[in-house]
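# Descriptive analysis of the structure
Each chain, written out:
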Amino acid sequence: MKFRVEVDCTPVEARQFVGLPNVEPLQAAVMAEVERRMMAEMDRFSPDAIMRSWFTAFPQGADQMQNMFLKMFQQGFGASPTPSTKSEP
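Rules used in this analysis
Residues numbered from 1 in each chain as written. Predicted model: local features only at pLDDT ≥ 70, side-chain atom pairs only at ≥ 80, totals over all residues. Heavy atoms only, no water. Salt bridge = Lys/Arg side-chain N within 4 Å of Asp/Glu carboxyl O. Buried < 20%, exposed > 50% of the residue type's maximum accessible area, 1.4 Å probe, protein only. Helix = DSSP H or I, 4+ residues; strand = E, 2+ residues; numbered from the N terminus.

## Side note on the pattern of salt bridges
This structure, assessed with the given rule, holds four salt bridges. Two residues, Glu6 and Arg4, come together in a salt bridge whose shortest N-O distance is 4.0 Å. The exposure classification of Glu6 matches that of Arg4, with both residues exposed. Here Glu33 makes a salt bridge to Arg37, at a shortest N to O gap of 3.0 Å. Highlighted residues: Glu33 and Arg37, both in helix H2 (residues 24-41), separated by four residues, approximately one helical turn. Among the charged side chains, a network of salt bridges with common partners joins Glu33, Arg36 and Arg37.

Encoded structure:
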């Protein structure tokens, strides 16, 4: 024996019928706070700000970063590393 019940209702009506609380106001408040915090911190994570923080973290910044990327690309493409320009005593 098969018994089939089809209910046509909205999610709000189903929640009320089962007795669950309405969390829409709480969800809206939490999402508004998340959005506010994200917008306040957005400038910290811009590409310009990230690069500036990297270069200030290392005094020899740009040269060191360039050498690091050069080595990374050489290893990735299988090229032999170029000899360093520094003379060792």
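Next comes the rest of the account.
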